[in-house]
Amino acid sequence: MSPLEVRSATPADADAIAEYHDHCFKDTYSSQMLAGEFGAPDLAGMRQQLHDWLLPESGLETRVAVLDGVPIGHVTVSGHQLMHLFVEPGHQHVGLGSHLLALGEAMIAARGHMDFELHARVENVTAIAFYERAGWIVTDRLIHTVEHGISYHERVLVKRSPSCDLRS
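Presented here is a report on the structure given in the accompanying data block.

Within the largest apolar cluster, 22 residues are counted, with the highest numbers of intra-cluster contacts made by Leu82, Leu85, Leu100, Leu101, Leu118, Tyr131 and Trp136. For this core, the secondary structure elements donating two or more residues are strand E2 (61-67), strand E3 (70-78), strand E4 (81-87), helix H4 (96-110), strand E5 (115-121) and helix H5 (125-133). When residues of this core are assigned to their parent elements, the largest contribution, 5 residues, is made by H4. Each residue touching Leu118, except ones within four places of it in the same chain, is listed here: Gln81, Leu82, Tyr131, Trp136, Arg155, Val156 and Leu157.

Below you can see the structure in the form of structure tokens.
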């Protein structure tokens, strides 16, 4: 087995990222899907969105974790916002998510931002707890999102760059 590599993502990674993103969604929301609360996201739309995000001119920055040539996780940032963080379910709970989160925070800080923001689906209590353990604070703000054929609410979480504490 080759070592884990983290590199800049390219549009060629979009299909693999969409596949594990879809696995994450179905793993996380299987009970809601079975109850008919909502269906699976539009995989073709997700692939296209990811492809567009990974274009050099998108303004987004994505790092992908690759094991044996296969993407298994990624983090995407834009400005002060952590846009996406996903890890293939078979590779969760081994520290990769924490590594990608720290990398995403460092990417935002490197862009000169001291205040970070992310949005997490209200129902995704596992992800929200993960972010809280990493020092993110859940705010009272909710965002309504319609994406990939699904309408949902997201909690807004914020974090101040640890380097700000050193300058205070």
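On we go from here.
Buried residues dominate E4, accounting for 5 of its 7 residues. Taking the residues that link successive antiparallel strands as the turn, the E3-E4 hairpin has 2 residues, and the phi of Gly79 there is positive, at about 60 degrees. Taken together, the 2 bridges between E4 and E5 define a ladder with parallel strand orientation. Looking across to E5, one finds that Gln81 is bridged to Glu117.

Given two aromatic rings, their pairing is described by the distance between the two centres and the angle made by the two planes. According to the stated counting rule, one finds 4 aromatic pairs in the structure shown. On the basis of an interplanar angle of 40 degrees and a centroid distance of 6.3 Å, the ring pair of Phe116 and Trp136 is categorised as tilted. Of this pair, Phe116 sits in strand E5 while Trp136 sits in the loop between H5 and strand E6 (137-147); the two residues are 20 residues apart in sequence, bridging distant segments of the chain. A single burial state applies to Phe116 and to Trp136, both of which are buried.

On to the sheet that holds E6, then. Hydrogen bonds between backbone atoms are what pair the strands of a sheet, whose relative direction is either parallel or antiparallel. Here we have 7 strands laid out as an open sheet, ordered E1-E2-E3-E4-E5-E7-E6, and mixed in their pairing. Among the strands making up the open sheet, the edge pair consists of strand E1 (5-8) and E6. Each neighbouring strand pair of the sheet contributes to a mean axis angle of 30 degrees, computed without reference to strand direction. Here 8 bridges tie E6 to strand E7 (residues 150-160), and the two strands are oriented antiparallel to one another. Looking at E7, one finds that Leu142 is bridged to Arg155. Sheet contacts for H4: E1, E2, E3, E4, E5 and E7; angle to E4, the most-contacted strand, approximately 160 degrees.

Among the residues of H5, those classed as buried are Ala127, Ile128, Phe130 and Tyr131. All buried residues of H5 fall inside an arc of 155 degrees around its axis, so they share one side. Those residues of H5 that are exposed and aimed more than 90 degrees away from the buried face are Val125, Thr126 and Arg133. A positive phi of about 95 degrees marks Gly135, the residue just after H5.

All right, on to the side chain of His84 then. Counting through the fold element by element, His84 comes out in strand E4. His84 gets classed as buried once you look at its relative accessible area, which sits at 10%. A distance of 3.1 Å separates polar atoms of two side chains, one belonging to His84 and the other to His74. What His84 contacts, discounting residues up to four positions off in sequence, is His21, Leu50, Trp53, His74, Val75 and Thr76.

Conventions used here
Residues numbered from 1 in each chain as written. Predicted model: local features only at pLDDT ≥ 70, side-chain atom pairs only at ≥ 80, totals over all residues. Heavy atoms only, no water. Core = buried A, V, L, I, M, F, W, Y, C linked by side-chain atoms within 4.5 Å. Buried < 20%, exposed > 50% of the residue type's maximum accessible area, 1.4 Å probe, protein only. Helix = DSSP H or I, 4+ residues; strand = E, 2+ residues; numbered from the N terminus. Contact = heavy atoms within 4.5 Å. Pairing = 2+ DSSP bridges. Phe/Tyr/Trp six-rings, centres within 6.5 Å; stacked < 30°, edge-to-face > 60°. Axes fitted to C-alpha atoms, helices over the stretch in contact; angles between N-to-C directions. Arc of directions from axis to C-beta. Polar contact = N/O pair within 3.5 Å; in protein donor to acceptor, adjacent residues only side chain to side chain.

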